[in-house]
Protein chains: 2
Amino acid sequence: MSLDYKDKKVIGIGIMSELTGLSERQIRYYEERKLVFPERSKGGTRKYSFADVERLVDIANKMEDGMQTFEIRKQEMKKSDVRDKMLRGQLNAAFKMRK
Amino acid sequence: MSLDYKDKKVIGIGIMSELTGLSERQIRYYEERKLVFPERSKGGTRKYSFADVERLVDIANKMEDGMQTFEIRKQEMKKSDVRDKMLRGQLNAAFKMRK
DNA sequence: CGTGTAAGGAATTCTGACACG
DNA sequence: CGTGTAAGGAATTCTGACACG
């Protein structure tokens, strides 16, 4: 029940840096390139989730493989696109079965 | 695999305060009374886990019921004591079965 | 006993920019 | 393009203490 801890945005950039091995500079840059989307505290401080930790580790690996940020973003977008289509497909199937 | 997110100490006291509804003063005081055990960053800043969030909410409830910090600590100690005994009992049983 | 608060300082984080390449 | 760094400022956190009760 509830969003489960994994998606709660509660991690500061300092700890995020420790957990991923990335520099704060890199983490902020990947945000600029639309690869991660932290929340902000009232004061403007960044807050990440454990899901973001996984995402950043993933990004770090792709960067090591020589991939560029815009390619990674394209790939991510494709993923959620596929998920959207699958979801729509399932809803559709369920709807048909209803009648 | 790994300690799972629940026990990773990654939450600052500010967010902890938001998540539990307790003031930072209260959270620090419960630490002084040995009810929570945050880790510290190099700089000395406190870091909590989601398990700590649950623990603090639990403590908050007991405080509302008029319980005092030392009673809560006693209760907690009894709990881990029971767990220890059960664990020892199981190890013992397993050992006997071996021979 | 449990908690609020003002106080002074230290640690953390933020943004925009220059640098290299 | 991706990342390091120095710069100045703002937000966050820390401790010890006084207050009330």
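Please read these numbers as outputs of a predicted model, since none were measured by experiment. (Residues numbered from 1 in each chain as written. Chains lettered and ligands numbered in written order. Predicted model: local features only at pLDDT ≥ 70, side-chain atom pairs only at ≥ 80, totals over all residues. Heavy atoms only, no water.)

**What to know about the nonpolar core**
- Counting residues in hydrophobic clusters, the biggest one holds 34 residues, and the most contacted among them are A:Ile11, A:Leu56, B:Ile11 and B:Leu56.
- At the level of elements, helix H1 (13-20), helix H2 (24-32) and helix H3 (50-64) of chain A together with helix H1 (13-20), helix H2 (24-32) and helix H3 (50-64) of chain B are the ones that each hand at least two residues to this core.
- Every residue in contact with B:Ile11, bar those within four places of it in the chain, is listed here: A:Val10, B:Met16, B:Leu19, B:Arg46, B:Lys47, B:Tyr48, B:Ser49, B:Phe50 and B:Val53. (Core = buried A, V, L, I, M, F, W, Y, C linked by side-chain atoms within 4.5 Å. Buried < 20%, exposed > 50% of the residue type's maximum accessible area, 1.4 Å probe, protein only. Helix = DSSP H or I, 4+ residues; strand = E, 2+ residues; numbered from the N terminus. Contact = heavy atoms within 4.5 Å.)

**Describing the interface of chain B and chain A**
- The interface is formed by twelve residues belonging to chain B together with twelve residues belonging to chain A.
- Between chain B and chain A, roughly 1200 Å² of surface is buried when both sides are summed, and carbon and sulfur atoms account for 72% of that area.
- When the buried area of chain B at its contact with chain A is split by residue, B:Tyr5, B:Val10 and B:Phe50 rank highest and sum to 53% of it.
- At the boundary of chain B with chain A, the tally comes to two salt bridges.
- Residues A:Lys42 and B:Glu18 are paired through a salt bridge, measuring 3.1 Å at the closest nitrogen-oxygen approach.
- Our enumeration of links across chain B and chain A arrives at four residue pairs in polar contact (both at pLDDT 80 or more).
- When residues of the side of chain B that touches chain A are traced back to their parent elements, those giving at least two are H1 and H3 of chain B.
- Ranked by the residues each element gives to the side of chain B that touches chain A, the list is headed by H1(B), at three residues.
- Looking at the side of chain B that touches chain A residue by residue, the class counts come to six nonpolar, no polar and six charged. (Buried area = accessible area lost by both parts, 1.4 Å probe. Salt bridge = Lys/Arg side-chain N within 4 Å of Asp/Glu carboxyl O. Polar contact = N/O pair within 3.5 Å; in protein donor to acceptor, adjacent residues only side chain to side chain. Nonpolar A, V, L, I, M, F, W, Y, C, P; charged D, E, K, R; others polar.)

**Structural notes on the relation of the copies chain B and chain A**
- Relative to chain A, chain B is turned by 180° and slid 0.0 Å along the rotation axis, the superposed coordinates differing by an RMSD of 0.1 Å. A rotation of that kind, with that shift, is consistent with a two-fold axis. Judged by C-alpha distance, B:Ile11 is the residue of chain B that lies nearest the rotation axis, at 2.9 Å.
- When the interface residues of chain B are mapped onto chain A, 100% of them again fall at the interface, so both copies present the same face. (Least-squares fit on C-alpha atoms with pLDDT ≥ 70 in both.)

**Comments concerning the pattern of salt bridges**
- Across all of its chains, the model carries 18 salt bridges over all chains by this definition.
- When the shortest N-O distance is used, the salt bridge between B:Arg46 and B:Glu31 registers 2.7 Å. Of the two residues, B:Arg46 sits in strand E2 (residues 46-47) while B:Glu31 sits in helix H2, which places them 15 residues apart along the sequence.
- Looking at B:Glu31, the relative accessible area reads 18%, which means it is buried.
- A single salt-bridge network, built from bridges that share partners, covers A:Arg55, A:Asp58, A:Lys62 and A:Glu76.

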